[in-house]
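Summary of the model geometry
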2 protein chains.
Amino acid sequence: MKETPYKTYLEESELPQVYYNVRADMREAAGGQDHAPMLHPGTLQPVTVADMEPIFCTELAKQELNTEDRYIDIPGELIDFYRMYRPSPLIRAHFLERLLDTPARIYYKYEGNNTSGSHKLNSAIAQGYYAKLQGLKGLTTETGAGQWGTAMSMAAAYFGLDLEVFMVKVSYEQKPYRKTVMQTYGASVVPSPSATTEIGRQMLAENPESSGSLGNAISEAVEKALTKEGYRYVLGSVLNQVLLHQSIIGLEAKAAMEKLGEYPDIVIGCAGGGSNLGGLMAPFMQDRLTGKPAPYFIAVEPASCPTMTRGRFAYDFCDTGRVTPLAKMYTLGNGYIPSANHAGGLRYHGMSPILSQLYHDGFLDEARAVEQTSVFEAAIQFSRTEGTLPAPESAHAIRAAIDEAIKCRETGEEKVILFGCTGNGYFDLSAYEQHINGSMTDYIPTDEDLLRGFASIPSLAGIQ
Amino acid sequence: MKETPYKTYLEESELPQVYYNVRADMREAAGGQDHAPMLHPGTLQPVTVADMEPIFCTELAKQELNTEDRYIDIPGELIDFYRMYRPSPLIRAHFLERLLDTPARIYYKYEGNNTSGSHKLNSAIAQGYYAKLQGLKGLTTETGAGQWGTAMSMAAAYFGLDLEVFMVKVSYEQKPYRKTVMQTYGASVVPSPSATTEIGRQMLAENPESSGSLGNAISEAVEKALTKEGYRYVLGSVLNQVLLHQSIIGLEAKAAMEKLGEYPDIVIGCAGGGSNLGGLMAPFMQDRLTGKPAPYFIAVEPASCPTMTRGRFAYDFCDTGRVTPLAKMYTLGNGYIPSANHAGGLRYHGMSPILSQLYHDGFLDEARAVEQTSVFEAAIQFSRTEGTLPAPESAHAIRAAIDEAIKCRETGEEKVILFGCTGNGYFDLSAYEQHINGSMTDYIPTDEDLLRGFASIPSLAGIQ
């Protein structure tokens, strides 16, 4: 396999023309039954498009609830935009393999070669497109580490839409340049909690020093969308529509591997809200769901926010303010407070309902929690050999990929490992600095910490 | 031409196997005469490899003085490394063309898709390779905006060499994350002027508050290389060897354009020390030097550091400490103090002797000075349409490309414009912030400012 190129690019003409909707195959594998639907927080009945329309663009609400259509056409205007930065490269990690002296063949799909710096742009531009199509004036959203906010700012600028980003206050203060990129693309960026929403003012009244959380910021962005004429809310992960758009990652990866005559034995992705892993594994999961040979799937999460490895599979709110619909998912409870020492993203209390269901049903094989110092060791090893400084989120997947490759060295197995390298770490250098100067620590929540979070999961009589 | 893809990638197998040495054709065009050679600062005689060996790696010293060999083989190990991030894409700026409503076809060679963030890695890895080959222990260098320091850190990490980077103090303080990236790759980073060298101590004694300059930092790095066993000095621009390595940009660009059936009418590059423009235009300049039809060449520099547009073509030192050889080049004088308000790179007092000679002889058609607020306007226009946030340096070329495309709109000419987009602007967001908040100003040196700089150009009896 020495001749495998380092980078495999599909031609622009080979860009996927459809998104793949894994829920159609999940439904079929379940004998035509839909899995636990999202529930309206007031009525506890399954939400409808009409319920969602005040918050979401209508077409996106339809996608959110669509469990019928296996493939959904990608509009031509979106394909045009994708051609600006896609197909993204599938990279054979020759240098890393050599360093690890492993018989494994390691591939990664690299999504960092665009100014948003991550895969988030794949869904941002789709959401922007449907908002424009609907004639909206603007959008609201939240951002934690900042990748999603940047991606959405690029998309909004492209379609001439206003964008208001609620940025978790601790990130707003620690990552001033993230804010500047978003402003360069014309977005207005507000630290959350803010005094610009009812729920933000409540949060500030309770705790004026609050450094914010993703759950808080979601509540603020949703409230703003509901109260501002011609605005809707967009979200960068967790939702079914986001995983749908992100399937472009997996579709490209699968096509590129086919060109090389390869098929992965293991697929690895970091999992915060699930958008990247959900997208990367989708077409391979289709193989699993339809009874074909399929890879072993590993979701990697931070030990400090162990949603899948230690959370509960239950209906919970997607936000702290409890204004969103209820989703059946692995959750630490909407009141779970992520560790302040945690670097980067992946600290959301819940997990994509799709990934949660697949994990619960055994289709997604393994969830693995890793500690952040070992994640940064992997990141530095990777950056020095493969030349790319990865985002801390991506480095979770790198950690697992390195560990699997080392196992292969021990067993002599020539496994094919595919992982998602979701983005670059150029805006996460304060975390790298902590690692270099030795001030980075690990944090594992105690059982008591988790119980406090679980207490915020609603008790729904007759439902859970 | 609607069908031209957005991005044209050569195959890895099409990577150039040789560097192109434009000086061989310059010599031939001059009837077999070499142009003004570099002079030893003590003897004022042309420098020899033996003169340079204490400072430079021997093989690089040979390349520096080589005016005979038109092509120089790229070693296999270097090609392997290049495959990690090259060939870089040639991008058709479809979105920008549409915005400008121009009949021109705009292409740019984008060098920002690697962790160093710019084209600098092309020469850094070559210089690291020859240092390793010579069995050196380590290297010293300087960095201004930080791109070269980052690139050299990656190269040193790859070859297991020590690296000491003297970083201009104002950048060290304003760009802490640049420092962190270099440290992530294992480099030691020292703010310049520093107390670690004789010349740095002198500078600090004269002005304890000095914010440093590239010329100062070069002096310190050279002194350190001369006084540390097993160390040599490396430089990221200006030198002939650097332009040689950077010819890979132009060779790839020319090959990719040939695939598209295109040939540029205009080639545009930003020019600080000349490494990018020199590399991009080299194979097209070969056409000019050998009497074939060739593009119109434009070098774009900042109005605040107008080396080619207002400088003198004279022998000058490459550094402020006057320890380097003398080079015949366009210069503002080694004592020229660049404006403190200037963002980004391109503020070196001199210019590549190769570019200088070509400009002096009329082969390089035009040098153009642009003001920084108009540069950032172009940068923001570009980032919002083409999706890539450019480095301020690259934005100088973007400014000129946009202006040329607008001229085409007015004349109706379907010119093919090729420019170099040397890197991304992720580490230059404080400058973008200045532009957004309106605090960025322009600066044009007065004739008196220039005269003060010219006074530092040495008077060499019988030579100039």
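Section: the overall build of chain A
Scanning chain A from terminus to terminus reveals 19 helices and 15 strands. In summary, chain A has a C-alpha radius of gyration of 21 Å against a globular reference of 23 Å for 464 residues, a match within 12%. Oriented by its inertia axes, the alpha-carbon framework of chain A measures out at about 60 × 50 × 50 Å. Per-residue burial over chain A gives 66% buried out of 464 residues. Sequence-distant contacts in chain A: of pairs separated by 6 or more residues, those separated by 24 or more amount to 76%. Within the structure as shown, chain A displays about 15,200 Å² of accessible surface, and the carbon and sulfur contribution to it stands at 49%. Side chains of chain A carry 39 positive and 55 negative charges; the gap between the two charge centres is 2 Å.

With respect to the confidence of the model for chain A
Of all residues in chain A, 99% have pLDDT values of 70 or greater, and the mean over the chain is 94. Across the interfaces of the predicted complex, the ipTM metric reaches 0.93, alongside a pTM of 0.95.

Quick notes on the relation of the copies chain A and chain B
For the pair chain A and chain B, the relating rotation is 180 degrees, the translation along its axis is 0.0 Å, and the fit reaches an RMSD of 0.0 Å. Each copy turns onto its partner about a two-fold axis. Measuring from the rotation axis to each C-alpha of chain A, the shortest distance belongs to Asn113 of chain A, at 3.0 Å. Same-surface contact between copies: 100% of interface residues of chain A are shared with the interface of chain B.

Points about the sheet that holds strand E8 (residues 188–192) of chain A
Residue and element names in this part refer to chain A. Pairing in this open sheet of four strands is parallel, and the strands run E8-E7-E6-E9 from one edge to the other. Unpaired on one side and paired on the other, E8 and strand E9 (231–233) mark the two borders of the sheet. Direction aside, the axes of adjacent strands within the sheet are offset by 25 degrees on average. Note: strand E6 (residues 138–143) against strand E7 (residues 162–168), six bridges, orientation parallel. Looking at the pairing, Gly138 lines up with Asp162 of E7. On top of the sheet, helix H7 (residues 147–159) reaches E6 and E7; it is set at about 165 degrees to E6, its chief contact. Each of E6, E7, E8 and E9 is contacted by helix H11 (residues 214–227), which is oriented at about 170 degrees to E6, the strand it contacts most.

A word on the sheet that holds strand E11 (residues 296–302) of chain B
All names here are of chain B. The strand order across the open sheet built from seven strands is E1-E4-E5-E15-E10-E11-E14, with neighbouring strands paired in mixed fashion. With partners counted over all chains shown, the strands left at the sheet margins are strand E1 (7–8) and strand E14 (366–370), one partner each. Across six bridges, strand E5 (residues 105–110) lies against strand E15 (residues 416–421) in parallel orientation. The residue of E15 that forms the bridge with Arg105 is Val416. On top of the sheet, helix H12 (residues 240–259) reaches E1, strand E4 (90–92), E5 and E15; it is set at about 140 degrees to E5, its chief contact.

Observations regarding the interface of chain A and chain B
Facing the 46 residues of chain A at the interface are 46 residues of chain B. For the chain A and chain B pair, buried surface summed over both sides reaches about 4,000 Å², with 56% attributable to carbon and sulfur atoms. Across the salt bridge formed by Glu12 of chain B and Lys7 of chain A, the nearest N and O atoms sit 3.1 Å from each other. Linking chain A with chain B are 23 residue pairs in polar contact (both at pLDDT 80 or more). Among the elements that make up the side of chain A that touches chain B, the one with the highest residue count is helix H9 (residues 176–184) of chain A (six residues). Here the residues of the side of chain A that touches chain B sort into 21 nonpolar, 15 polar and 10 charged.

Describing the environment of Pro193 of chain B
Residues and elements named next belong to chain B. Looking at where Pro193 falls in the secondary structure, it is placed in the loop between strand E8 (188–192) and helix H10 (198–206). Remark: the alpha-carbon pair of Pro193 and Ile380, spanning 187 residues in sequence, is separated by 34 Å. Not counting residues within four places of it along the chain, the set of residues in contact with Pro193 comprises Lys169, Gly200, Met203, Leu204, Ser210, Gly212 and Glu220.

What to know about the packing of helix H3 (residues 58–65) of chain A against helix H12 (residues 240–259) of chain A
Residues and elements named next belong to chain A. Following both chains from N to C, one finds H3 and H12 inclined at 90 degrees, their axes separated by 7 Å at the closest point. Considering their axes alone, H3 and H12 lie roughly perpendicular with respect to each other. Along its contact with H3, which presents Leu60, Gln63 and Glu64, the element H12 presents Asn240, Gln241, Leu244 and His245. For the contact of H3 with H12, the per-class residue count stands at two nonpolar, four polar and one charged.

Things to note about the packing of aromatic side chains
Inspection of the entire model under this criterion finds 39 aromatic pairs over all chains. Judged by centre distance (5.5 Å) and plane angle (85 degrees), the rings of Phe95 of chain A and Tyr158 of chain B are edge-to-face. Of this pair, Phe95 of chain A sits in helix H5 (residues 94–100) while Tyr158 of chain B sits in helix H7 (residues 147–159), which puts the two residues in different chains. On the basis of relative accessibility, which here comes to 4%, the residue Phe95 of chain A falls in the buried class. Note on Phe382 of chain A and Phe419 of chain A: the rings are 6.2 Å apart at their centroids and 70 degrees apart in plane angle, and the pair reads as edge-to-face. Taken as a pair, Phe382 of chain A in helix H16 (residues 372–386) and Phe419 of chain A in strand E15 (residues 416–421) lie far apart in primary sequence, 37 residues in all. Residue classification places Phe382 of chain A among the buried residues on the basis of a relative accessible area of 0%. Relative accessible area serves as the criterion here: at 0%, Phe419 of chain A is assigned to the buried category.

Considering the side chain of Ser116 of chain B
All names here are of chain B. Assignment of secondary structure puts Ser116 in the loop between E5 and helix H6 (121–133). Overall, Ser116 belongs to the buried group, its relative accessible area being 1%. Side chain to side chain, Ser116 and Asn114 meet in a polar contact 2.6 Å long. Among the polar contacts listed, one links the side chain of Ser116 to the backbone oxygen of Ser118, at a separation of 3.4 Å.

Things to note about helix H15 (residues 353–360) of chain A
Residues and elements named next belong to chain A. Of all the eight residues making up H15, six are buried; the element is thus mostly covered by neighbouring parts of the structure. Here H15 has its buried residues at Pro353, Ile354, Leu355, Ser356, Gln357 and Leu358. Structurally, the start of H15 carries an N-cap: the backbone nitrogen of Ile354 is 3.1 Å from a side-chain oxygen of Ser352. Two residues or fewer past H15, Gly362 is found with a positive phi of approximately 85 degrees.

Structural notes on the packing of H10 of chain B against helix H11 (residues 214–227) of chain B
Residues and elements named next belong to chain B. Where H10 contacts H11, the axes come no closer than 8 Å and their chain directions differ by 145 degrees. From H10, Glu198, Ile199, Gly200 and Met203 reach across to H11, where they touch Asn216, Ser219, Glu220 and Glu223. In terms of residue class, the contact of H10 with H11 is made up of two nonpolar, three polar and three charged.

What counts as what
For every chain, the first residue of its written sequence is number 1, and the numbers climb from 1 along that sequence. As a convention, the first chain written is A and the first ligand written is 1, with the rest following in written order. Local features are withheld for residues below a pLDDT of 70 in this predicted model, meaning they are given only at 70 or higher, and side-chain atom pairs are given and counted only at 80 or more; totals for whole chains, interfaces and linings count all residues. Hydrogens and water molecules were not included; the side-chain quantities draw on all heavy atoms of the structure. Strands here are runs of E lasting at least two residues and helices are runs of H or I lasting at least four, both read from the DSSP assignment and numbered beginning at the N terminus. Radius of gyration means the value over C-alpha atoms here, while the globule rule gives 2.2 Å times the residue count to the 0.38 power. For each residue, the accessible area found with a 1.4 Å probe, counting protein chains only, is set against the maximum for its type, and the residue is called buried under 20%, exposed over 50%, and partly exposed in between. Residue contacts follow a heavy-atom distance rule, with two residues in contact if any of their heavy atoms lie within 4.5 Å. Residue burial considers only the protein chains on display, and all accessible areas are found by Shrake-Rupley using a 1.4 Å probe. In this count, Lys and Arg are taken as positive residues and Asp and Glu as negative ones, while His and the chain termini are left out. Lysine's charge is taken at NZ, arginine's at CZ, aspartate's at CG and glutamate's at CD. Summary of the metric used: pLDDT quantifies the predictor's per-residue confidence within the range 0 to 100. Each copy is superposed on the other by least squares, with the fit set by C-alpha atoms of residues at a pLDDT of at least 70 in both. Two strands pair under a simple rule: DSSP has to find at least two bridges between them. Axes here mean lines fitted to C-alpha atoms, for a helix over just the part in contact, with angles spanning 0 to 180 degrees between N-to-C directions. The term buried area refers to how much accessible surface (probe radius 1.4 Å) is lost by two components on association, counted for both of them together. In what follows, salt bridge is the name for a side-chain nitrogen of Lys or Arg lying within 4 Å of a carboxyl oxygen of Asp or Glu. Between N or O atoms, a polar contact is any pair within 3.5 Å; within protein, one atom must be a potential hydrogen donor and the other a potential acceptor, and residues adjacent in sequence are included only when both atoms are from side chains. Residues were grouped as follows: Ala, Val, Leu, Ile, Met, Phe, Trp, Tyr, Cys and Pro as nonpolar; Asp, Glu, Lys and Arg as charged; and all remaining residues, including Gly, as polar. In what follows, roughly perpendicular refers to angles from 65 to 115 degrees, roughly parallel to angles under 35, roughly antiparallel to angles over 145, and oblique to any angle outside these ranges. Whether two aromatic rings pair depends on their centres lying within 6.5 Å, for rings of Phe, Tyr and Trp, where Trp uses its six-membered ring; planes under 30 degrees apart make the pair stacked, over 60 edge-to-face, and the rest tilted.

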